[in-house]
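Chain residues, written in single-letter form:
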Amino acid sequence: MRWLAQTVAISSVNVMSLGQRLGSSSVAVVGFAGVVAVFVAVLSIAEGFQRVMARGVSPDTALVLRAGSDTEMSSGLDLEHTRIIKDAPGVMRGSDGPVASAELFVIVDVPKRATGTDANVPLRGVEPAAFAVRKAVKIVEGRPFREGQNEVIAGRAAAREFAGLEVGNHLRWGDNVWEVVGLFSAGDSVYESEIWTDARVAQPAYRRTGFQSVYARLESPDAFQRFKDALTSDPRLDVEVKREDEYYEAQSQVLRTLVRTLGNVVALLMAVGATFGALNTMYSAVAARGREIATLRALGFQAGPVLVSVMAESLLLALLGGSIGGGVAYLVANGYQTATMNFQTFSQVAFQLAVTPRLLVGGVAYALAMGICGGIFPAIRAVRAPIAMGLREV
Amino acid sequence: MSDALVQVSDVHKVYTRGAERVDVLKGLELEVGRGEFLALMGPSGSGKTTLLNLIGGLDKPTSGRVAVAGRDLTRASPRELAHWRARHVGFVFQFYNLLPVLTAARNIELPLLLTGLSRAERQKHVAAALELVGLADRAGHYPMQLSGGQEQRVGIARAIVNDPTLLLCDEPTGDLDRQTAGEILDLIAELNRRYEKTVIMVTHDPLAAERARRVLHMDKGMLVEAQAA
């Protein structure tokens, strides 16, 4: 208890005297804040991307691809095969038959609003059941495309990020001209980055006879295994069966890993600089307070509380810097609209940067780690300095 | 001297700076009785402050023995010494060594944080110490709001608030004008006479030394002369 009282007493003296060392303390705080702001902002890209890939997808929806295909881009299914898949056990049935949609997935060029340069945007050919499979999809402007017509509807995020996707616009992709007749929302999911049209129109336009995937709504999440077993044991088929949410989680993996690695490397390099800044600040603080520290130790204060108090000061600066950095990252980055390449499909995904509580806590923890590194050596110096010598410091 | 509170026996203190060896204390012998007021005089570098630091448990001799009230300080660990200083020694410094961010009362309270006293008890002790040094009305003042003499009074209050056996004063009037110095010396002398504190005072000032009951002179690490005041 007395040890604690000593620690609190010395730490409060340290904190109270921070004002006398405002200059050097501010340098350390700014250093910590800069590192945390960059760290959090970069990682918010990965968080936002993961979030968009995880939204609006459901464990009771299954995705069927050709065996060996990781993505819809590399998949291919015959018409006959898609019918067998739709009729498999476990698929929910509605008044119009199975709630399942055989789909095409092709890439079209659409200019980015921000740069004017062409970007790869997914054009998905869907069957009418696609809207029943994906419950979150809703027309928010205009109307749905009509079957058999060169009409498209654009996801809300795609229309925001890419030019020319306003309702009423006509776009030329390949030999065909397409009219944008509506915009849709999809619960902020990855589908909002897509353009949809009738699969039967997309097939001849892109010289396809078959499809690339089947999305099937299941009777329940538990029906998945039954559905999967039925398809994988059917000798007429050679397919991969995945849950929709797991598929999109895996889709975000490459980009997340890349961004997180980049973020960590950048933050680590910056952290080295900030830690040296903190070291310098704390060495200055210990030097400036050499006589005070020696006096306290002469009065009988133990070395441990002195060490902890120096660490506490360093950690306080780190906490302050980390909080400021996290706050700046939140204000600047959170909700920022952008689009990036999904390396698994080579197409753009529009999303918002997400500064999550987990990231903020991580950023502050990172700052505290820097504070520990910056404080420990000055703290050791403070307690190792001979008391008799410290008392004579001016 | 069987009643000796402080016993310094054959103490050597050597500092090395690179290849250079500096013998600060050379086989020093000293006994200080309980209730004594001893002044240590001598030129700069004669070892006065080093000797004071050894007696106060702030430093250890290279060889020899320093004991206070029968306790051998040379065998104590740094942790034990810190604990011992908190209970038995009061330090008065030339430049007061007050913490500028704390009020006079909070400065005086510092040694009491090392005891098990409650907050109310600590405040009572602080008030008594402030009263004793004549600064009862300055409790809430910060060091920069006090004169040099007042700061030293706060320093003395901090030194005695724990009711230590031994009061070690290192040039307590070295930074004060003649009149203020006289008042501070009066206070120290009163602590010795009235409260029976054993005082060891290092000073350059012959007038300050006159207040002591015994004056010892040091030169080149040895006691060269002893006289009764």
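Residues numbered from 1 in each chain as written. Chains lettered and ligands numbered in written order. Predicted model: local features only at pLDDT ≥ 70, side-chain atom pairs only at ≥ 80, totals over all residues. Heavy atoms only, no water.

Here's the deal with the overall build of chain A
Item 1. Broken down by element type, chain A carries 13 helices and 14 strands.
Item 2. Computed over C-alpha atoms, the radius of gyration of chain A comes to 30 Å, more than 25% over the 21 Å expected from 2.2 N^0.38 for 394 residues, which places it beyond the range of a compact globule.
Item 3. The buried share of chain A, taken over its 394 residues, is 53%.
Item 4. For chain A, long-range pairs separated by at least 24 residues make up 79% of all intrachain contacts whose partners lie at least 6 apart in sequence.
Item 5. For chain A, the computed accessible surface area is about 16700 Å², with 60% contributed by carbon and sulfur atoms.
Item 6. Placing the 37 positive and 36 negative side-chain charges of chain A at their respective mean positions leaves the two points 11 Å apart. (Helix = DSSP H or I, 4+ residues; strand = E, 2+ residues; numbered from the N terminus. Rg over C-alpha atoms; globule rule 2.2 N^0.38 Å. Buried < 20%, exposed > 50% of the residue type's maximum accessible area, 1.4 Å probe, protein only. Contact = heavy atoms within 4.5 Å. Areas by Shrake-Rupley, 256 points an atom, 1.4 Å probe, with all protein chains shown as cover. Lys, Arg positive; Asp, Glu negative; His and termini not counted. Charge placed at Lys NZ, Arg CZ, Asp CG, Glu CD.)

Looking at the domain arrangement of chain A
Residue and element names in this part refer to chain A.
Item 1. Taken domain by domain, chain A consists of domain 1 (2-54 + 253-392) and domain 2 (68-237).
Item 2. Using only C-alpha atoms to locate each centre, domain 1 and domain 2 end up separated by 47 Å.
Item 3. The interface is formed by 13 residues belonging to domain 1 together with 16 residues belonging to domain 2.
Item 4. Here domain 1 and domain 2 share an interface that buries about 1100 Å² over both sides, 58% of which is from carbon and sulfur atoms.
Item 5. At the boundary of domain 1 with domain 2, the tally comes to four residue pairs in polar contact (both at pLDDT 80 or more).
Item 6. When residues of the side of domain 1 that touches domain 2 are traced back to their parent elements, those giving at least two are α2 (22-54), β13 (337-342) and β14 (347-352).
Item 7. Across the side of domain 1 that touches domain 2, the residue classes tally to seven nonpolar, six polar and no charged. (Domains from an automatic or database assignment. Buried area = accessible area lost by both parts, 1.4 Å probe. Polar contact = N/O pair within 3.5 Å; in protein donor to acceptor, adjacent residues only side chain to side chain. Nonpolar A, V, L, I, M, F, W, Y, C, P; charged D, E, K, R; others polar.)

Things to note about the packing of aromatic side chains
All names here are of chain A.
Item 1. The final tally for this structure, using the stated rule, is 11 aromatic pairs over all chains.
Item 2. Taken together, a centroid distance of 6.2 Å and an interplanar angle of 50 degrees make the contact between Phe131 and Phe145 tilted. Of this pair, Phe131 sits in helix α4 (residues 130-133) while Phe145 sits in the loop between β6 (138-142) and β7 (151-155), placing them 14 residues apart in sequence.
Item 3. According to the relative accessible area criterion, Phe145 is buried, its value standing at 13%.
Item 4. On the basis of an interplanar angle of 70 degrees and a centroid distance of 5.6 Å, the ring pair of Phe131 and Trp196 is categorised as edge-to-face. A residue pair is termed long-range when its members are at least 10 positions apart, and Phe131 in helix α4 and Trp196 in strand β10 (residues 195-198) qualify at 65 residues.
Item 5. In textbook terms, an aromatic cluster arises when at least three aromatic residues are bridged by ring pairs, as seen for Phe131, Phe145, Phe184, Tyr191, Trp196, Tyr215, Tyr247 and Tyr248.
Item 6. It is Arg134 that lies over the ring of Tyr191; its NZ or CZ is 4.5 Å from the centre. (Phe/Tyr/Trp six-rings, centres within 6.5 Å; stacked < 30°, edge-to-face > 60°. Lys NZ or Arg CZ within 6 Å of the ring centre and 35° of its normal.)

So, the interface of chain B and chain A
Size of an interface, as often reported, equals the accessible area lost when the parts are brought together.
Item 1. In this complex, chain B contributes 24 residues to the contact, which on the side of chain A involves 22 residues.
Item 2. For the pair chain B and chain A, the summed buried area comes to about 2200 Å², and 64% of that belongs to carbon and sulfur atoms.
Item 3. Counting every contact that joins chain B to chain A gives four residue pairs in polar contact (both at pLDDT 80 or more).
Item 4. Looking at the side of chain B that touches chain A, the element that brings in the most residues is helix α2 (residues 78-88) of chain B, giving five residues.
Item 5. Of the residues belonging to the side of chain B that touches chain A, the class tally is 14 nonpolar, six polar and four charged.

Quick notes on the side chain of Gln212 of chain A
Residue and element names in this part refer to chain A.
Item 1. Position of Gln212 relative to the elements: it lies in the loop between α6 (199-205) and β11 (213-217).
Item 2. Here Arg208 takes part through its side chain, which lies 3.1 Å from a polar atom of the side chain of Gln212.
Item 3. Excluding residues within four positions of it along the chain, Gln212 makes contact with Val64, Leu65, Glu72, Met73, Ser75, Gly76, Leu77, Glu103, Leu104 and Phe105.

Some thoughts on the nonpolar core
Item 1. Ranked by size, the top nonpolar core spans 74 residues in total, and within it Tyr191, Trp196, Tyr248, Phe301 and Met370 of chain A together with Leu110 of chain B carry the most contacts.
Item 2. When residues in this core are grouped by element, the largest group, 13 residues, is from α2 of chain A.
Item 3. Filtering out sequence-adjacent residues up to four positions away, Leu110 of chain B remains in contact with Leu296, Leu299 and Phe301 of chain A together with Leu99 and Leu102 of chain B.
Item 4. Among the nonpolar cores identified, the runner-up in size contains 38 residues, and Ala104, Ala105, Leu130 and Met201 of chain B belong to it. (Core = buried A, V, L, I, M, F, W, Y, C linked by side-chain atoms within 4.5 Å.)

Re unusual backbone geometry
Residues and elements named next belong to chain B.
Item 1. One non-glycine residue, Asp10, lies in positive phi territory at about 50 degrees.
Item 2. Summarising the element assignment, Asp10 is placed in strand β1 (residues 4-17).
Item 3. Relative accessible area serves as the criterion here: at 40%, Asp10 is assigned to the partly exposed category.
Item 4. Within the chain, Ala69 stands out as a residue other than glycine whose phi angle is a positive 50 degrees.
Item 5. Counting through the fold element by element, Ala69 comes out in the loop between β4 (63-68) and β5 (71-72).

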